[in-house]
Amino acid sequence: MMDENLLSLYQQPTINNDDDDDDNVNRNNTPPFQIIFCLLPIASRLENIFLVPSLTREDVKQTPSLKGAYSAIEKAWYDQGRTAQNLEKIQSMAKELMQKTVHSGSKRSIIMDVSIDCHEMFQIKDTRTGKVIQGQGKSEGQEDDDDVDVDVDVDVDVDVD
């Protein structure tokens, strides 16, 4: 999941002051940095795919007490055996989880981990001086293996009675 605040990490307020002759003052309201990111995918591999029934990341954001709820059900399934009594407990835990969501368990998440082999270049330049302050030079780049997490929420028809 991409950091929702990633862009704000690189944005800074600009200064617009026509009365100041200091070279460090940004008079035309341009951003202080230029960010360059180029990515050329070469190959990809599906590493893992996992279905989370009745629960989405948005559910956990809205109701933080749901964090770990599915893991608790899964742990009970593996740790306590598959007796009739334990199956009733697991069913009760699942029903409780569904009741705590806004959609009553009618959504689920599919979480995929994908590896992408790629050639990439990343730079941060000072717009005033043109100097590269982080990253590679103009035509340089590097081979890299990036891991990407993909979350997809899916609506399903579920009889919750």
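Here the structure is shown first, and the text comes after it.
Residues numbered from 1 in each chain as written. Predicted model: local features only at pLDDT ≥ 70, side-chain atom pairs only at ≥ 80, totals over all residues. Heavy atoms only, no water.

### Considering the side chain of His-103
(1) Moving on: Along the chain, the position of His-103 falls in the loop between helix 4 (84-100) and strand 2 (107-126).
(2) Moving on: In this structure His-103 comes out as buried when scored by relative accessible area, which is 16%.
(3) Moving on: Only 2.7 Å separates the side chain of His-103 from the side chain of Asp-59, close enough to count as a polar contact.
(4) Moving on: Within polar-contact distance, the side chain of His-103 engages the backbone nitrogen of Lys-107 at 3.3 Å.
(5) Moving on: Those residues within four positions of His-103 in sequence are excluded, and the remaining contacts are Ser-54 and Asp-59. (Helix = DSSP H or I, 4+ residues; strand = E, 2+ residues; numbered from the N terminus. Buried < 20%, exposed > 50% of the residue type's maximum accessible area, 1.4 Å probe, protein only. Polar contact = N/O pair within 3.5 Å; in protein donor to acceptor, adjacent residues only side chain to side chain. Contact = heavy atoms within 4.5 Å.)

### Here we look at the environment of Ile-49
(1) Moving on: With respect to the helices and strands, Ile-49 occurs in strand 1 (residues 33-53).
(2) Moving on: Given the relative accessible area of 49%, Ile-49 is considered partly exposed.
(3) Moving on: Residues in contact with Ile-49, not counting those within four places in the same chain, are Ile-110, Ile-111 and Met-112.

### Notes on unusual backbone geometry
A negative phi angle is the norm for most residues apart from glycine, just as the trans form is the norm for most peptide bonds.
(1) Moving on: If you check the backbone angles, Ser-54 has positive phi at about 70 degrees while not being a glycine.
(2) Moving on: When you line up the elements, Ser-54 lands in the loop between strand 1 and helix 2 (57-62).
(3) Moving on: Ser-54 sits in the buried class, given a relative accessible area of 12%.
(4) Moving on: One non-glycine residue, Ser-104, adopts positive backbone phi at about 55 degrees.
(5) Moving on: Relative to the helices and strands, Ser-104 resides in the loop between helix 4 and strand 2.
(6) Moving on: Judged by relative accessible area, which is 34%, Ser-104 ranks as partly exposed.

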